[in-house]
Amino acid sequence: MLEVQSFAKVFRNQAVISDFSLSLPGNSFTVLVGPSGCGKSTLFDLLMGVASRNKGKLFLDGEEIIDLRTRAAYMAQKDLLLPWLTLLENALLPVTVKEKPTPADLREAEELFLLLGLSGFERHYPGQVSGGMAQRCALARTIFFRTPLTLLDEPLSAVDAITRRSLRDLLLLLQYRFKKTILMITHDVEDALLLADRIILLSSSPLSVKEEIPLDSRKPRNELERTLLELKRHILESLQGEQS
Amino acid sequence: MKSYLLPLVLTLFFLLFWEAFCRIEKVPPFLLPTPSRIIGLMIAEAPLLLRHATITFLEIILGIMLSLAVALPLAVAMFYSPTLERALSPLLVASQAIPVFAVAPLLVVWFGYGMGSKIVMAAVIIFFPVTVTLLQGFKSCNPGLRTLFFVMGADFRRTLRLLYWPWALPYFFSGLRVAVSVAAIGAVIGEWVGSMEGLGFLMMQANARLRVDMVFASIVILSCIGLSLWTAVSCIEVFCIRWNKKEE
């Protein structure tokens, strides 16, 4: 569905990313794992068109495109909710920046809030709710981008352990119920192991693909499973070697 | 309410001290009139003071509106185009080096003895803080939010309305609060230089005739105008930024 061909980025005479290629099948959950500071966020900036790349091609459903602006939903580590809008207005923001939301949009948002356990808080402001609820609202917002592709930039890094568990389930909901194709970056190995169909290990400076690890598609997974624990050790050792 | 109590008591003490000092030392009223004399005069001359105060008040309000009408579009334009900002901001800063007093006679020549020159004077004096604080507000916007709006494909106009403007509102209001308290300076200087009405005119007339009590009465009214404008802006701010309050 999405095809990234040999992306490269040079910043201040230093190669940040060199020859990065990636192919995302439709409705898949791909997780990029790399040590902090390896240029994961730069890669997302290039994909979204926030920064320009020095080399590389991008194809969406076979058609060559410049960047993913308006073609992908985006969710970050911070909830990025506007404090002057209610949760419902925040969720509908991707619609609002183009046109006035219709009654159908509103109904859809209310149903989504029910699904995400946010109903009753539609008229609350972000400052009045917990961090977990704010992040769930940010998740609802990704739906209203109305794009099949969703980019997640460490969406679970800023929440506590318990909230993190329930948010993981909601991210799977994104894949299975809303049929999204998901590309997530993280430095948390456990998130990757529990969510991904495929884990891609990254090496740093310059960023490139180090290893591809396919996982069986059975989800949700139990983090105490033996195969997963072994895989976790393998990934951690690999990342450790990368950092030193 | 309690926060007002202490300054109020302090002011009362100050006025009592002033009154007592003038009476005991027998200070002549053309040097320093007693507070009671000033209040008496304000009551006796209420219609005259009110007529002139209305003129000055209008000059201040229209001056604020004029400067907003120029400052808002200019701040947006400078934010939209960094080239324009680079071209204009040195000039804006340099314009602040020109003493406003020096320009006042020119403005009277250009805009006449009436309210026009005073409105422009007030506008000129507050234009800079409003523009600069608003521009600062726009530029301080969270980069993550800018990325979000970029990815959503929002154009500048919508991003301005939905993101930059509400984000910059607190900055805008702090600039405006400074502006309304100094706007009176512009209006009064304008009236000093050349006018036939307004509190500034009244003060010059009274001063020339050693009617110091009338000068004081004008000052009291000017302070009241400044204070009420300041309070009004604060109230509008609380209303506009009420989402901020609810965080508690």
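Residues numbered from 1 in each chain as written. Chains lettered and ligands numbered in written order. Predicted model: local features only at pLDDT ≥ 70, side-chain atom pairs only at ≥ 80, totals over all residues.

Asker: Mind laying out the overall build of chain B, listing which residues take part and the relevant values?
Answerer: In terms of regular secondary structure, chain B is built from 11 helices and 0 strands. With the principal axes as the frame, chain B shows a C-alpha extent of 75 × 50 × 30 Å. Within the span of chain B, comprising 248 residues, buried residues form 32% of the whole. Partitioning the contacts of chain B with sequence separation of at least 6, the portion at a separation of at least 24 is 78%. (Helix = DSSP H or I, 4+ residues; strand = E, 2+ residues; numbered from the N terminus. Buried ≥ 20, exposed ≤ 12 C-beta atoms within 10 Å, placed from the backbone. Contact = placed C-beta atoms within 7 Å.)

Asker: Can you tell me about the overall build of chain A, naming the residues and giving the values?
Answerer: Along chain A, the regular secondary structure elements total 8 helices and 10 strands. Computed over the C-alpha atoms, the radius of gyration of chain A is 18 Å, within 12% of the 18 Å expected from 2.2 N^0.38 for a compact globule of 244 residues. In terms of overall dimensions, chain A has C-alpha extents of about 50 × 40 × 30 Å along its principal axes. Per-residue burial over chain A gives 40% buried out of 244 residues. The long-range share in chain A, meaning contacts at least 24 apart out of those at least 6 apart in sequence, stands at 69%. (Rg over C-alpha atoms; globule rule 2.2 N^0.38 Å.)

Asker: Can you tell me about the nonpolar core, naming the residues and giving the values?
Answerer: A general feature of soluble globular proteins is that nonpolar side chains tend to end up buried together. Counting residues in hydrophobic clusters, the biggest one holds 125 residues, and the most contacted among them are Val31(A), Tyr74(A), Cys137(A), Ala140(A), Ala122(B), Ile126(B) and Ala183(B). Composition of this core by domain shows at least three residues from each of domain 1 (1-71 + 170-244) and domain 2 (76-146) of chain A. If we skip the residues at most four places from it in the chain, Ala183(B) touches Ile60(B), Gly63(B), Ile64(B), Ala122(B), Ile125(B) and Ile126(B). (Core = buried A, V, L, I, M, F, W, Y, C linked by C-beta atoms within 7 Å. Domains from an automatic or database assignment.)

Asker: Help me get a handle on the domain arrangement of chain A, residues and values and all.
Answerer: Considered domain by domain, chain A is made up of domain 1 (1-71 + 170-244) and domain 2 (76-146). One C-alpha centre belongs to domain 1 of chain A, the other to domain 2 of chain A; they are set 26 Å apart.

Asker: Outline the sheet that holds strand β1 (residues 2-11) of chain A, listing residues and values.
Answerer: Adjacent strands of a sheet form backbone hydrogen bonds with each other and so pair up, either parallel or antiparallel. Residues and elements named next belong to chain A. Taken in spatial order, the 4 strands of this open sheet run β2-β1-β4-β5, and their pairing is antiparallel. Looking at which strands have only one partner, the edges of the open sheet turn out to be β2 (14-24) and β5 (63-65). Between one strand axis and the next, the sheet turns through 25° on average, direction left out of account. With 7 bridges connecting them, β1 and β2 associate as antiparallel partners. Note that in β2 the partner of Leu 2 across the bridge is Leu 24. Helix α1 (residues 40-48) contacts β1 and β2 of the sheet and is inclined by roughly 65° relative to β2. (Pairing = 2+ DSSP bridges. Axes fitted to C-alpha atoms, helices over the stretch in contact; angles between N-to-C directions.)

Asker: Any chance you could break down the sheet that holds strand β3 (residues 29-33) of chain A for me, citing the residues and the numbers?
Answerer: All names here are of chain A. Pairing is mixed across the open sheet formed by 6 strands, whose spatial order is β6-β7-β8-β3-β9-β10. The two strands at the open ends of the sheet, each matched to only one other strand, are β6 (72-75) and β10 (208-214). Within this sheet the neighbouring strands show an average axis-to-axis angle of 20°, counted without direction. Relative to strand β8 (residues 181-186), β3 runs parallel, the two being bridged by 5 bridges. Following the sheet pairing, Val 31 is matched in β8 by Met 184. Strand contacts of α1: β3, β6, β7 (149-153), β8 and β9 (198-203), with the helix running at about 150° to β7, the strand carrying the most contacts.

Asker: Before we move on, can you summarise the packing of helix α5 (residues 100-111) of chain B against helix α6 (residues 115-139) of chain B with the specific residues and values?
Answerer: Residue and element names in this part refer to chain B. Running from amino to carboxyl end, α5 crosses α6 at an angle of 145°, the nearest separation of the two axes being 8 Å. In terms of crossing hand, the pair formed by α5 and α6 is right-handed. Here Val 100, Val 103, Ala 104, Leu 107, Val 108 and Phe 111 of α5 lie close against α6, whose contacting residues are Gly 116, Ser 117, Val 120, Met 121, Val 124 and Ile 125. The residue inventory of the contact of α5 with α6, partitioned by class, reads 10 nonpolar, 2 polar and no charged. (Left-handed = near helix turned anticlockwise from the far one by under 90°. Nonpolar A, V, L, I, M, F, W, Y, C, P; charged D, E, K, R; others polar.)

Asker: Describe the pairing of β7(A), naming the residues involved and giving the relevant values.
Answerer: Residue and element names in this part refer to chain A. A large share of β7 lies buried, amounting to 5 of its 5 residues. Residues Leu 149, Leu 151 and Asp 153 of β7 are buried on one face, and the alternating residues Thr 150 and Leu 152, pointing to the opposite face, are buried as well. With 4 bridges joining them, β6 and β7 adopt parallel strand pairing. Bridged to Met 75 within β7 is Leu 152.

Asker: Can you break down the interface of chain B and chain A residue by residue, with the values?
Answerer: Of the residues lining the interface, 17 residues belong to chain B; the matching set on chain A comes to 19 residues. The set of elements that each furnish at least two residues to the side of chain B that touches chain A consists of α7 (143-151) and α8 (156-193) of chain B. It is α7(B) that provides the largest number of residues to the side of chain B that touches chain A, a total of 7 residues. Counted by class, the side of chain B that touches chain A contains 11 nonpolar, 3 polar and 3 charged residues.

Asker: Account for unusual backbone geometry, naming residues and giving values.
Answerer: Look at Arg12(A): it is not a glycine, yet its phi comes out positive at around 50°. Checked against the element boundaries, Arg12(A) lands in the loop between β1 and β2.

Asker: Summarise helix α1 (residues 2-25) of chain B; cite the residues concerned and give the values.
Answerer: All names here are of chain B. Between its first and last C-alpha atoms α1 spans 35 Å; for 24 residues at 1.5 Å apiece the expected length is 34 Å, and the two agree. Taken across its 24 residues, α1 has 0 buried, putting it largely on the surface. Lys 26 lies just past α1 and shows a positive phi near 55°. (Expected span 1.5 Å × (residues − 1).)

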